[in-house]
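Letter by letter, the chains look like this.
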Amino acid sequence: MNTVPLTTEGGVAWTVRAIDGPVPDGISTPVAATVPGEVHTDLLAAGVIPDPFDGDNESKLAWIGRTSWSYRTSFDWVADGNDIQELVADGLDTVATVTLNGRELGTTQNQHRSYRFLIGDVLVAGRNELVIDFAGPVASAEQIEAEAGGWPHTNHHPYNALRKMASNFGWDWGPDVATVGIWQPIRIESWSGVWISSVRPLASVEGDRGVLNTHVDLAWAGGSTEDATITVEVGGTTTELTVAAGTSTATITSAVEGAQVWWPRGHGEQNLYDVTVSVGQDTWHGRVGFRNVSLDVAPDNHGSPFVISVNGKPIYVRGANWIPDDAFVTRLSRTTYETSIQDAVDAGMNLLRVWGGGIYESDDFYDICDEQGILVWQDFLFACAAYSEDEPLRGEVEAEARQAITRLSKHASLALWNGNNENIWGYVEWGWRVPLAGRAWGEGYYFDLLPALVAELDPRTPYSPGSPYSYDHFIHPNDERTGTMHIWDVWNQVDYTTYRKYKPRFASEFGFQGPPAWSTLTSVVHDEPLDPYGEQMLVHQKAFEGNLKLERGLGEHLPKWKNDRGGGAGNAANMADWHWTTQLNQARAIVFGIEHFRSLFPLNTGAIVWQLNDNWPVVSWAAVDGHGIRKPLWYALKRVYAERLLTVQPREDELVVATHNDTDVLWSTEVTVKRRSTRAGGDVIAQETFALEVAPRSAVLSSLPGSVAKPTDPTREYLEVRGADGSSTYWYFAEDTELHLEGNAYAASVTKTDDGYDVTVTASALAKDLALFPDRLDPAARVDSGLVTLSAGESHTFHVTGGTAPTSVGIPVLRSANDLVN
Ligand code: BMA
């Protein structure tokens, strides 16, 4: 095959120009374009628009999504004697007309699939002109909605009218930056004879053999009459199959004796095998892992479970929901994916859910998950809306699903295909039935089309119709007793202690908001004075009544920041308190939920927190902010997602030490529980020691005797629980608004190190939830730990990398719960 890249990197120069729409005065195009890329980043690079993330630029740039854009290039073509020439576009975003040398090749309307156009009779030797015109996506979606009738959706634009990333139109954590562009590579493929059009190598385990079923789709240039031999090499075995000319599809089965199986992290090694498929002149390379995955949702005594098993072994899921990692997805790279997936790995996670309002991620994402042992739960791209089942949408859905399943099915990490996000729940409960007036709403996709495609193309990976779902048409999809549950009354309506009222079989979404790091926030919000309700702040808080919910969410847990709007230094201090209080409360809420869920094991088989990452600087549910800074929530997740969890939980009238051993090794240690004073010196009032034995992959509840469980003064005492193996947790008899926390409980010292500095904090009384924010001094500085609680006499060293060592640290760089209540 002769491949001619038509990308910027391939040396082809593109321009983009506005051709129609509300272009403001002073905007002048064409500008140089990057392919793959998108118009926002092209205009930004050309200096034509300001940073869409800054201040309130988002609304000032809304015209871009209503404007039509023309991408143009010219390139040289030298005839190469091959029979077939195709223009291959891996991804066009979204409503486009493709024209070569003045001849229209076709139109497109789906970001989530690739396109091939035969161009042999249009290409000319010498200079060729390629033009791809894109209609403004907001205008297109509105037009389709007006013509076809509207289907219910959340958020402001009718994103469900078009097969385009839903959250690109704005979401409750993401900017409205509806864009266009040639967002994936584009090239000419010129070939003769037989060629590989797709390969699906599906690897599974049978006894101690690895079995690889390689499905190969072939394309034949007209007039080919010779047989072709397909060769598959994997794990040292070579298997061949000869097919007659014109055969379009074939399956080759290879057996690898003694294959090393692939495991998710925490369960074994991530063994991967290279696969090479060759036919005639064409070769395909990929990588697989031998593993079997199953999903158990069969009814039991409690309802019905949701258990993902790998190689027959049930996996307790400690996961996070994943959104596109940048509002401009063409800026993502192998490196950015590595960094963000490392956030999941370092927090102790074993699963990421690629949420349906985003994209089928790039191969890099799944490759890294294969290598790291992070299971992937892949939503089909439907979120929080009803969808037409009429043409042309139906055909587009099938085309994109076929391509996505074909591309992703080889990945060892792929553990689940899921039909949609919240659409079944939406149909049942969000008042869609009246506006739908009997029209189809997507059920046919989730219950018929998509499961049939998965069964055809990736039969070794389980399928679930939606999340949440109860695996029974007549049970509410969000019933806690059956299948998956999204817990959103916490955050939207009720206090986070409500988590403890639920016994979810599997919590696939639950979350609580908090602001991004101070440096991230203030890099884009320039209100004077800074205020939660400032004009630019509100651009970076997208949730419905988000600020009110942050405030109400404090409940009795933490004191409310002072409401001094006086400006100057006093006001700045209060904004600092708002920031720290809400970040801390976010972490506390999620800790509360996850410790409870894990204490229910094996009734509960997993938690997927909403959400790991952000796509720009924003107040959101994320654990890691849009600049990649780990929020206090992230450090909290690292603790409650540890393989071995030690926590104190109330059970009826007593307190128990709840333990979950999510390892293959017996957890055997001695646990000491001390009832201590919160005051200086931290007197030990009572103490008990017991032997803890938790079998592999199991949980144990140990009742605490009244001597430690019953405080004399709940506001001045706490429990310090320590395992001899280093595990630890605390229990408080009162919320921080009541708890006596000393104002002068700790001292900090700074030492310079080779790569930054250390801050050592030593406590003289209970010091609760210490956190260091070096980004306050230098946005590039990072700290290795956070939310550390110390009893009197203990110390902890925060290691900071990057930044210059300050002479001392105090508020707002070093914070604690103590400083909020004093
Ligand atoms: C759920 C998610 C997202 C949303 C989140 C927070 O509905 O599926 O749609 O961002 O809640 O509101």
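Residues numbered from 1 in each chain as written. Predicted model: local features only at pLDDT ≥ 70, side-chain atom pairs only at ≥ 80, totals over all residues. Heavy atoms only, no water.

- As recorded by an unreviewed UniProt entry, the protein carries the name beta-mannosidase and is attributed to Kribbella antiqua.
- Heading Sequence similarities (unreviewed entry) of the UniProt record for the protein holds this comment: "Belongs to the glycosyl hydrolase 2 family."
- Word for word, the UniProt comment on the protein under Catalytic activity (unreviewed entry) is "Hydrolysis of terminal, non-reducing beta-D-mannose residues in beta-D-mannosides." (UniProt positions renumbered as here; feature names shortened; annotations may be inferred.)

1. As for the pattern of salt bridges
Part 1 of the reasoning: A full pass over the atoms with the stated rule returns 45 salt bridges.
Part 2 of the reasoning: One salt bridge in this structure joins R697 and D664, with 2.9 Å as the shortest N-O distance. Linking R697 in the loop between β32 (684–694) and β33 (698–703) with D664 in the loop between β30 (654–661) and β31 (667–677), this pair joins segments that are 33 residues apart in sequence.
Part 3 of the reasoning: Its relative accessible area of 17% is what places R697 among the buried residues.
Part 4 of the reasoning: Taking relative accessible area as the criterion, D664 reaches 41% and is therefore assigned partly exposed.
Part 5 of the reasoning: When salt bridges with common partners are traced through the structure, they connect E86, D90, R116, R187 and E189 into a single cluster. (Salt bridge = Lys/Arg side-chain N within 4 Å of Asp/Glu carboxyl O. Helix = DSSP H or I, 4+ residues; strand = E, 2+ residues; numbered from the N terminus. Buried < 20%, exposed > 50% of the residue type's maximum accessible area, 1.4 Å probe, protein only.)

2. Points about the pairing of strand β21 (residues 317–322)
Part 1 of the reasoning: Of all the six residues making up β21, six are buried; the element is thus mostly covered by neighbouring parts of the structure.
Part 2 of the reasoning: Residues V317, G319 and N321 of β21 are buried on one face, and the alternating residues R318, A320 and W322, pointing to the opposite face, are buried as well.
Part 3 of the reasoning: The pairing of β21 with strand β28 (residues 606–609) spans four bridges and is parallel. Directly across from A320, in β28, lies its bridge partner V609.
Part 4 of the reasoning: Strand direction decides the pairing type here: β21 and strand β22 (residues 351–354), joined by four bridges, are parallel. Paired with N321 across the two strands is R353, which belongs to β22. (Pairing = 2+ DSSP bridges.)

3. Quick notes on the packing of helix α4 (residues 334–346) against helix α5 (residues 363–372)
Part 1 of the reasoning: As a packed pair, α4 and α5 sit with axes 9 Å apart at the nearest point and diverge in direction by 40°. In terms of axis orientation, α4 runs oblique to α5. Judged by the sense of rotation from one axis to the other, the crossing of α4 with α5 is right-handed. Contacts from R334, Y337, E338, I341, Q342 and V345 in α4 reach D364, F365, D367, I368, C369, E371 and Q372 in α5.
Part 2 of the reasoning: Taken together, the residues that form the contact of α4 with α5 break down as six nonpolar, two polar and five charged. (Axes fitted to C-alpha atoms, helices over the stretch in contact; angles between N-to-C directions. Parallel < 35°, antiparallel > 145°, perpendicular 65-115°, else oblique. Left-handed = near helix turned anticlockwise from the far one by under 90°. Contact = heavy atoms within 4.5 Å. Nonpolar A, V, L, I, M, F, W, Y, C, P; charged D, E, K, R; others polar.)

4. Side note on the layout of surface pockets
Part 1 of the reasoning: Quantified by volume, the largest pocket comes out at close to 1600 Å³.
Part 2 of the reasoning: For the largest pocket, the lining is made up of 45 residues, of which D90, S114, R187, D363 and R407 are closest to its centre.
Part 3 of the reasoning: Secondary-structure elements contributing two or more residues to the lining of the largest pocket are β8 (115–118), β10 (186–191), β11 (194–206), β17 (282–288), α4, α5 and α6 (393–408).
Part 4 of the reasoning: Residue composition of the lining of the largest pocket, grouped by class: 16 nonpolar, 15 polar and 14 charged. (1 Å grid on protein atoms, 1.4 Å probe; cavity = no way out; pocket = protein on both sides within 12 Å on 5 of 7 lines; lining within 4 Å. Points joined across faces, edges and corners; volume = space filled by probe spheres on them.)

5. Structural notes on the domain arrangement of the protein
Part 1 of the reasoning: If you check the domain split of the protein, you get domain 1 (2–189), domain 2 (193–288), domain 3 (313–641), domain 4 (644–732) and domain 5 (746–819).
Part 2 of the reasoning: Distance from the C-alpha centre of domain 1 to the C-alpha centre of domain 4: 58 Å. (Domains from an automatic or database assignment.)

6. Thoughts on the sheet that holds strand β13 (residues 228–234)
Part 1 of the reasoning: As summarised here, the arrangement of the four strands in space is β14-β13-β16-β17, forming an open sheet in which the pairing is antiparallel. Edge strands, defined here as strands with exactly one partner in the open sheet, are β14 (237–243) and β17. For this sheet, the mean angle separating the axes of adjacent strands, direction not counted, is 15°.
Part 2 of the reasoning: Sheet analysis places β13 next to β14, joined by seven bridges and oriented antiparallel. Bridge pairing in β14 places A228 opposite V243.

7. A look at the side chain of T678
Part 1 of the reasoning: If you trace the backbone, T678 turns up in the loop between β31 and β32.
Part 2 of the reasoning: Judged by relative accessible area, which is 0%, T678 ranks as buried.
Part 3 of the reasoning: Once you skip the residues sitting within four places of it in the chain, T678 turns out to touch T715, R716, E717, Y718, L739, H740, E742, A765 and L766.

8. Notes on a nonpolar patch on the surface
Part 1 of the reasoning: Residues Y533, L538 and L548 make up a contiguous nonpolar surface patch of roughly 270 Å² in combined accessible area.
Part 2 of the reasoning: Relative to the assigned elements, L548 resides in helix α13 (residues 546–552).
Part 3 of the reasoning: Judged by its relative accessible area of 48%, L548 is partly exposed. (Patch = residues over 30% accessible without salt bridge, like charges linked within 9 Å, V, L, I, M, F, W, Y side chains within 5 Å. Areas by Shrake-Rupley, 256 points an atom, 1.4 Å probe, with all protein chains shown as cover.)

9. With respect to the packing of aromatic side chains
Each aromatic ring pair is specified by the distance between its two centres and by the angle formed by the two planes.
Part 1 of the reasoning: Under the counting rule described, the total for this entry stands at 47 aromatic pairs.
Part 2 of the reasoning: Between F510 and F597, the ring centres sit 5.1 Å apart and the planes meet at 85°, which makes this aromatic pair edge-to-face. Separated by 87 residues along the polypeptide, F510 in strand β27 (residues 506–510) and F597 in helix α14 (residues 568–599) bring together distant segments of the chain. Taken individually, F510 and F597 each receive the classification buried, so the pair is uniform in this respect.
Part 3 of the reasoning: Among the aromatic residues, those joined into a ring-pair cluster are F306, W377, F447, Y469, Y471 and F506.
Part 4 of the reasoning: Directly above the aromatic system of W263 lies the positively charged group of K313, at a separation of 5.2 Å from the ring centroid. (Phe/Tyr/Trp six-rings, centres within 6.5 Å; stacked < 30°, edge-to-face > 60°. Lys NZ or Arg CZ within 6 Å of the ring centre and 35° of its normal.)

10. Quick word on the sheet that holds strand β35 (residues 728–732)
Part 1 of the reasoning: Pairing is antiparallel in the open sheet, where four strands are placed in the order β32-β31-β34-β35. Of all strands in the sheet, those bounded by a partner on one side alone are β32 and β35. Going across the sheet, the axis of each strand differs from the next one's by a mean of 15°, ignoring polarity.

11. Some remarks on the site of the ligand
Part 1 of the reasoning: With respect to spatial proximity, the complete set of residues near the ligand consists of W171, D172, W173, W355, C384, N421, E422, W488, E509, W610 and W621.
Part 2 of the reasoning: E509 is positioned such that a nitrogen or oxygen atom in its side chain is 3.0 Å from an oxygen atom of the ligand.
Part 3 of the reasoning: Relative to its unbound accessible surface of 300 Å², the ligand loses 91% to contact with the protein.
Part 4 of the reasoning: When the residues that make up the shell around the ligand are grouped by side-chain class, the tally is seven nonpolar, one polar and three charged.
Part 5 of the reasoning: Mapping the shell around the ligand onto the domain boundaries places at least three of its residues in each of domain 1 (2–189) and domain 3 (313–641). (Near = heavy atom within 4 Å. Polar contact = N/O pair within 3.5 Å; in protein donor to acceptor, adjacent residues only side chain to side chain.)

12. Describing the nonpolar core
Part 1 of the reasoning: Formed by 153 residues in total, the largest nonpolar core has its most connected members in I341, F365, F380 and F510.
Part 2 of the reasoning: Residue contributions to this core peak at 11 residues, all from α14.
Part 3 of the reasoning: Apart from the residues lying within four places of it in its own chain, the contact partners of I341 are W322, L352, F365, I368, C369 and I374. (Core = buried A, V, L, I, M, F, W, Y, C linked by side-chain atoms within 4.5 Å.)

13. With respect to the UniProt feature "domain: Beta-mannosidase-like galactose-binding" (unreviewed entry) in the protein
Part 1 of the reasoning: Residues given the UniProt feature "domain: Beta-mannosidase-like galactose-binding" (unreviewed entry) here are residues 14–184.
Part 2 of the reasoning: Along residues 14–184 one finds 13% helix and 30% strand; the C-alpha atoms at either end are 14 Å apart.

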